[in-house]
Amino acid sequence: MSKVDIAVLGYGTVGSGVVEVIATNQENIDRHAGRHINVKYVLDLREFPGDPIEEKLVHDYDIILKDPDVQVVVEVLGGVNPAYTYVKQALLAGKSVATSNKELVAKHGAELLRIAREKNVNFFYEASVGGGIPIIRPLNSSLAAEQIDRVTGILNGTTNYILSKMTMEGLDFNTVLKQAQAKGYAERNPEADVEGYDACRKIAILSSMICRKQVDFEDIYTEGITKITKEDILYARKMKRVIKLLARSWIENGSVFAMVAPFLVAENNPLYSINGVFNAILVHGNMLGSAMFYGRGAGKRPTASAVVADVVDAVRHTGVNVPIEWDEEKIELGAMKTTGGKFFARIPADSLAAAEEAFDGLTVIDAKIAGEIGFITQPLREAEFEEKAAKLPVINRIRLD
Ligand code: HSE
C-alpha cells in the first residue's frame, strides 16, 4: 500500500484528537483511503516534551508548505487568522485541506472552495457544523437530488446543555452556566456560545450550502439564551413545550431567511427530545420530506473523526475536485420583519386587558407566577408583533416553533 503524508495545524483538543483517531483506527482508515495515511508534521507554537508527536512537531509553516509529499493539510487552529492564510497557501500549493474551523468556513468558505476547484484539490469542512455528525457531505451528495427548503438545527452543545439543565432542574441561567463551566462543558468565556454567535456561523454555512451562494453571518438575526429565566421555563412547562436555541434557515417566497433565537418547541417536534450537549439538524427537502441528523456536535474524538473522514475523502479524490456549489456571490437575506409565527409573551397581570385589546385571539397562559401572566398570539409578522408589543410592559417574549 502506498503512503500519503499529511500535516496537522494545531495540536489542541481537535488536533490531538486527529492524531489519536488515526492511530486508533489506522488499519480501517487506510483501507478506506486505499493508502497508508501518515502524519508527517504537527504544527504548533508550543513544545510537547515526552509526547509521541514530539519528533513531528514543527514551528515553521513553510516546512509543510514546501514539502511536496504533504498532500493533505488538516487545519484545526480555530479562528480566522492565521488559519485563512495557511489554508489559502496550502490550496494554492496544490494540497487539499480538511478543517473543523467554522469561523474560517463561514467567512471564506466560498473563496477557498473556488481556489480548491482551480487547483484541482479539495477543501472539506464536515466538522465545522455539528462536530461528528455527518451533515455537510449529506447536503452535498446524499441529498443532491433535493431542493432543500428548510434546515433547523440545535447547533450548539453548550447552550443545549444549559437549557436542558434549566428545564430539568428548574435552575436559573447563571447557576447552570457556572456549573457547566466548573465541569468544563462551557468555556470560561462563554460569550460565543450563549450569545448565539457560534450557532450563527454554523447556520451561515448551512444556509450558504442550501442556496449555493454566500450568506454572510453578520446578516443573520441572532439572539442568545442569556435572557431566558427559570420563570420562562415554568411557562414552557405549562405549554408542554421546551425552550431550545434553534438555528434556522429556510426559503420563503423565493427569499432565503436565517436566524438564531430561543424557540418554544412542541412535543411533536423531533428537536424537542434533543437534550444535553447533543446537536441535531432537521433537514426538509421537496422530495424527501424531513430527515434528522443527530449526535455529538463537539468534543475531541467526534470532531476529529469527522476531520479524518475528510482526509480519507481527500486522499480518495487525489487529482479530482469534488464539486461543492457555493458561489462567492453574496445573497441578500429576506427581511426578518416580514417573517413571523406565533409569539409567547409575559406581562404584568394588570396589563392583560391591554394585551387583549392589542392582540386578537390571544391564548392566556397562567404559570401561577405572582403578579404576572403569559399569552400566546395568533401567527403574526415580526414587525406586527413588535408594534403591538411596544404598547405593553413586556417582561420577556419567546417565539413558538
Ligand atoms: N462551543 C461549541 C458548542 C463547540 O458548544 O457546541 C463546537 O463548535
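Every value quoted in this text rests on a predicted model; they were computed, and no experiment measured them.

1. Focus on helix α7 (residues 157-169)
The first and last C-alpha atoms of α7 sit 18 Å apart over 13 residues, in line with the 18 Å expected at 1.5 Å per residue. When α7 is considered as a whole, its buried residues turn out to be Gly157, Thr158, Thr159, Asn160, Tyr161, Ile162, Leu163, Ser164, Lys165 and Met166. In this fold, the buried residues of α7 make contact with β7 (148-154), α8 (173-182), α9 (191-194), α11 (230-238), β9 (241-252) and β11 (278-285). Where α7 starts, the residue carrying a side-chain oxygen 3.3 Å from the main-chain nitrogen of threonine 158 turns out to be asparagine 156. Of the residues trailing α7, glycine 170 is marked for its positive phi of about 65 degrees.

2. Concerning the site of the ligand
Neighbouring the ligand are Lys102, Asn156, Gly157, Thr158, Asp193, Asp198, Lys202, Gly297 and Ala298. Within the side chain of lysine 102, an N or O atom sits 2.8 Å from an oxygen atom of the ligand. Between the ligand and aspartate 193 there is a distance of 2.8 Å, counted from a nitrogen atom to a side-chain nitrogen or oxygen. Protein chains bury 80% of the 260 Å² of accessible surface belonging to the ligand in isolation. Contributions of two or more residues to the shell around the ligand are made by α7 and α10 (197-211). Here the shell around the ligand is composed, by residue class, of one nonpolar, four polar and four charged.

3. Describing the sheet that holds strand β1 (residues 3-9)
Taken together, the six strands give an open sheet; going across it, the order is β3-β2-β1-β4-β5-β6, and neighbouring strands pair in parallel fashion. Two strands close off the open sheet at either side, each with one partner strand: β3 (57-58) and β6 (123-124). The pairing of strand β5 (residues 96-99) with β6 spans two bridges and is classified as parallel. The residue of β6 that forms the bridge with alanine 98 is phenylalanine 124. Where helix α12 (residues 300-316) meets the sheet, its contacts fall on β1, β2 (36-43), β4 (70-75), β5 and β6, and the angle it forms with β4 comes to roughly 155 degrees.

4. Here we look at the domain arrangement of the chain
Partitioning the chain into structural domains gives domain 1 (3-132 + 300-330), domain 2 (145-295) and domain 3 (337-400). With 17 residues of domain 1 at the contact, the number on the domain 2 side is 16 residues. Around 1,600 Å² of area is buried between domain 1 and domain 2 when both sides are counted, 63% of it from carbon and sulfur atoms. Of all residues in domain 1, Val129, Trp326 and Lys330 give up the largest surface area on contact with domain 2, accounting jointly for 35% of the area buried on that side. In this structure, the connection of domain 1 to domain 2 is made through five salt bridges. We note a salt bridge from lysine 330 to aspartate 216, for which the minimum N-O separation is 3.1 Å. Counting across the interface, domain 1 meets domain 2 through eight residue pairs in polar contact (both at pLDDT 80 or more).

5. Examining the pairing of β11
Of all the eight residues making up β11, six are buried; the element is thus mostly covered by neighbouring parts of the structure. One ladder, built from eight bridges, connects β11 with strand β12 (residues 289-296); its direction is antiparallel. Note on β12: the bridge partner recorded for isoleucine 281 is phenylalanine 293. The hairpin turn running from β11 into β12, its antiparallel successor, is three residues long.

6. Here's the deal with the packing of α7 against α8
Between α7 and α8, the least distance of the axes is 9 Å, while the angle of their chain directions is 125 degrees. Relative to α8, the element α7 lies oblique. The handedness of the crossing between α7 and α8 is right-handed. Each of Tyr161, Ile162, Lys165 and Met166 in α7 lies in contact with α8, whose residues at this interface are Phe173, Val176, Leu177, Gln179 and Ala180. A class-by-class count of the residues in the contact of α7 with α8 yields seven nonpolar, one polar and one charged.

What counts, and at which threshold
- Residues numbered from 1 in each chain as written.
- Predicted model: local features only at pLDDT ≥ 70, side-chain atom pairs only at ≥ 80, totals over all residues.
- Heavy atoms only, no water.
- Helix = DSSP H or I, 4+ residues; strand = E, 2+ residues; numbered from the N terminus.
- Expected span 1.5 Å × (residues − 1).
- Buried < 20%, exposed > 50% of the residue type's maximum accessible area, 1.4 Å probe, protein only.
- Contact = heavy atoms within 4.5 Å.
- Polar contact = N/O pair within 3.5 Å; in protein donor to acceptor, adjacent residues only side chain to side chain.
- Near = heavy atom within 4 Å.
- Areas by Shrake-Rupley, 256 points an atom, 1.4 Å probe, with all protein chains shown as cover.
- Nonpolar A, V, L, I, M, F, W, Y, C, P; charged D, E, K, R; others polar.
- Pairing = 2+ DSSP bridges.
- Axes fitted to C-alpha atoms, helices over the stretch in contact; angles between N-to-C directions.
- Domains from an automatic or database assignment.
- Buried area = accessible area lost by both parts, 1.4 Å probe.
- Salt bridge = Lys/Arg side-chain N within 4 Å of Asp/Glu carboxyl O.
- Parallel < 35°, antiparallel > 145°, perpendicular 65-115°, else oblique.
- Left-handed = near helix turned anticlockwise from the far one by under 90°.

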